[in-house]
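Observations on the three-dimensional arrangement
This is what each chain is made of:
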Amino acid sequence: MDGDDKNMLQLYDLAGANVDLRFSPHCWKTRMALAHKGLQTVYVPWRFRQKDSIAFSGQGMVPVLVHDKQVVSDSWQIALHLDRAFPEHPLFESPAALASAHFVNSWVDTVLIPLVASITMLDVWNILHVDDKAYFRETREKRFGTTLENLTADQAGNIQRLRQSLAPLQRTLRQHPFLSGETPAYADYSVFGVLMWARCCSGAKLLEVGDVVYAWRERLLNAFDGFARSAPCIECDC
Ligand SMILES: N[C@@H](CCC(=O)N[C@@H](CS)C(=O)NCC(=O)O)C(=O)O
């Protein structure tokens, strides 16, 4: 890429032991936002212990977007930045759409991610690079207050609880093809990012075939010439 190109984009993106396995829910939100805008991006693989390589962003988490000389961390902030910098194909059609998408993203981060974590966290640990495993276990067991094994022990019950929590999505998707209306936008990518996290790491069947949420996820897997569907994931038929 030409170093003077003011549209030069790099995304620091979480990778597993297999460097092609990119599984972070927050990075997937951003990956879909970049695909939505049709922006060519260089994806830089990053692992949990490589804090030094993103120290320039002033924090220790991915995604981190480098756009020309600007550095943006946090997937929500990145989405706002992308709409400011590249107004074509908006992620938020209006201030009202932005506020609704903010609600969806907050629900994703505070409700959906913990529910999916209770199903997949041990699977996530399994796909990590050996250098990351102890760090991940220690930080996540502290966060959840229990071992990864205990957290994920009741797989059937946790899937049941997740499916119950999807009721608002089901109601919406019975009336609209996407959370953002006739076409997908950031609210869709926010929820979808979490399902990509599970798809990349775990064989657990989170969604029922035939459910409207399943059909919606299929549409997003196929979006942008199958960008998400063709992403490496662990061998499964989910
Ligand atoms: N609010 C942030 C959360 C980002 C986040 O939690 N990233 C995780 C990967 S999914 C991370 O980089 N964690 C680093 C660590 O735990 O040390 C966002 O939306 O981008």
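Everything in this summary refers to the structure shown in the same document. (Residues numbered from 1 in each chain as written. Predicted model: local features only at pLDDT ≥ 70, side-chain atom pairs only at ≥ 80, totals over all residues. Heavy atoms only, no water.)

Focus on the pairing of strand β4 (residues 70-73)
The test is simple: Here, strands pair whenever DSSP counts at least two bridges between them. Helix and strand assignments come from DSSP, with helices taken as H or I runs of at least 4 residues and strands as E runs of at least 2, each series counted from the N terminus.
With 4 bridges joining them, strand β3 (residues 64-67) and β4 adopt antiparallel strand pairing. Along β4, the bridge assignment pairs Leu 65 with Val 72. Between β3 and β4, which pair antiparallel in sequence order, lie 2 residues; one of them, Asp 68, sits at a positive phi of approximately 55°.

As for the packing of helix α1 (residues 25-36) against helix α3 (residues 95-127)
What counts is decided by this rule: Lines fitted to the C-alpha atoms define the axes, with helices restricted to the stretch that makes contact. Angles between their N-to-C directions range from 0 to 180 degrees. Orientation is classified from the angle alone, with under 35 degrees giving roughly parallel, over 145 giving roughly antiparallel, 65 to 115 giving roughly perpendicular, and any other angle giving oblique. Crossing handedness: left-handed means the near helix sits turned counterclockwise from the far one by under a right angle, and right-handed means the same turn made clockwise. Contact between two residues is taken to exist if any of their heavy atoms lie within 4.5 Å; hydrogens are not considered.
Across the interface, α1 lies against α3 with an axial gap of 12 Å and an inter-helix angle of 150°. Comparing their axes, α3 and α1 come out roughly antiparallel. The two elements α1 and α3 meet at a crossing, and its hand is right-handed. Packed against α1, whose contacting residues are Pro 25, His 26 and Lys 29, the element α3 presents Asn 105, Val 108, Asp 109 and Ile 113 at the interface.

Some points on the packing of aromatic side chains
Keep this limit in mind: Any Phe, Tyr or Trp ring, taking Trp's six-membered ring, that has another such ring centre within 6.5 Å forms a pair; planes under 30 degrees apart are called stacked, those over 60 apart edge-to-face, and the others tilted. The rule is simple: take the accessible area with a 1.4 Å probe, protein chains only, and divide by the maximum for that residue type; under 20% is buried, over 50% is exposed, in between is partly exposed.
The full count for this structure, using the stated rule, is 10 aromatic pairs. Judged by centre distance (5.8 Å) and plane angle (65°), the rings of Trp 76 and Tyr 186 are edge-to-face. Here the residue Trp 76 occupies a position in helix α2 (residues 75-85), and Tyr 186 occupies one in helix α8 (residues 186-201), the gap between them amounting to 110 residues. One exposure class covers both Trp 76 and Tyr 186, and it is buried. Between Phe 192 and Trp 216, the aromatic rings sit 6.4 Å apart at their centres with planes inclined by 85°, giving edge-to-face as the arrangement. Placement of the pair is Phe 192 in helix α8 and Trp 216 in helix α9 (residues 212-226), with a sequence separation of 24 residues.

A closer look at α3
Quick note on the threshold: Any helix carries an expected span of 1.5 Å times its number of residues minus one. Bend is computed residue by residue as the angle between axes fitted to the seven residues ending at the residue and the seven residues starting at it.
End to end, α3 covers just 39 Å across 33 residues, shorter than the expected 48 Å (1.5 Å per residue, more than 12% under). At Thr 120, α3 shows its largest kink, close to 65°.

A look at the nonpolar core
The condition is simple: Here, the term nonpolar core denotes a set of buried Ala, Val, Leu, Ile, Met, Phe, Trp, Tyr and Cys residues that are joined through side-chain atoms within 4.5 Å. Per the annotation, domain bounds derive from an automatic or database assignment of domains.
By size, the foremost hydrophobic cluster in this structure holds 74 residues, and its most contacted members are Phe 23, Leu 82, Leu 112, Trp 197, Leu 206 and Trp 216. Counting residues per element, this core draws most heavily on α3, which supplies 13 residues. Residue assignment places this core across two domains, with domain 1 (9-85) and domain 2 (95-226) each supplying three or more.

Digging into helix α6 (residues 155-165)
Where α6 is concerned, the buried positions are Gly 157, Asn 158, Ile 159, Leu 162 and Ser 165. Tucked into the core, α6 has its buried residues touching α3, α5 (148-151) and α7 (167-175).

Focus: the site of the ligand
Quick note on the threshold: Nearness is defined per residue: one heavy atom within 4 Å of the molecule or strand is enough. Pairs of N or O atoms are called polar contacts if they sit within 3.5 Å, as long as, within protein, a hydrogen donor faces a hydrogen acceptor (for residues adjacent in sequence, only side-chain-to-side-chain pairs). What sets the accessible areas is the Shrake-Rupley method with a 1.4 Å probe; for residues, cover comes only from the shown protein chains. Only protein atoms enter the 1 Å grid, on which a cavity is a set of points fitting a 1.4 Å probe that cannot get out and a pocket is an open set with protein on both sides within 12 Å along at least 5 of 7 lines, lining residues being those with an atom within 4 Å of a point. A molecule is counted as occupying a cavity or pocket when more than half of its atoms fall within 2 Å of that pocket's grid points. Each residue is assigned to one of three groups, with Ala, Val, Leu, Ile, Met, Phe, Trp, Tyr, Cys and Pro labelled nonpolar, Asp, Glu, Lys and Arg labelled charged, and all others, Gly among them, labelled polar.
Every one of the 15 residues lining the ligand counts as a neighbour, but Lys 51, Val 62, Ser 75, Tyr 135 and Arg 140 are closest to it. Contacts to the ligand include Lys 51, whose side-chain N or O atom sits 2.5 Å from an oxygen atom. Arg 140 is positioned with one of its side-chain polar atoms (N or O) 2.9 Å from an oxygen atom of the ligand. A total of 510 Å² of accessible area belongs to the ligand in isolation, and the protein chains cover 86% of it. When atoms are counted within 2 Å of each cavity's grid points, the one that captures over half of the ligand is the largest pocket. When contributions to the shell around the ligand are tallied by element, the ones reaching two or more residues are α1 and α4 (130-144). Grouping the constituent residues of the shell around the ligand by class yields 8 nonpolar, 4 polar and 3 charged.

Looking at the packing of α7 against α9
Where α7 meets α9, the closest approach of the two axes is 9 Å, and the angle between their N-to-C directions is 70°. Viewed along their axes, α7 and α9 adopt a mutual orientation that is roughly perpendicular. The handedness of the crossing between α7 and α9 is left-handed. Residues Leu 169, Gln 170, Leu 173 and Arg 174 of α7 form the contact with α9, whose participating residues are Val 212, Val 213 and Trp 216. Considering only residue class, the contact of α7 with α9 consists of 5 nonpolar, 1 polar and 1 charged.

Description of the layout of surface pockets
Defined as follows: Grid points are joined across faces, edges and corners, and a volume is the space filled by probe spheres set on the points.
The space that makes up the largest pocket amounts to roughly 600 Å³. Taken together, 31 residues make up the lining of the largest pocket; nearest its centre are His 26, Met 61, Val 62, Arg 140 and Arg 143. Of all elements in the fold, only α1, α2, α3 and α4 reach the threshold of two or more residues within the lining of the largest pocket. At 7 residues, the largest contribution of residues to the lining of the largest pocket is made by α3. Taken together, the residues of the lining of the largest pocket break down into 18 nonpolar, 7 polar and 6 charged.

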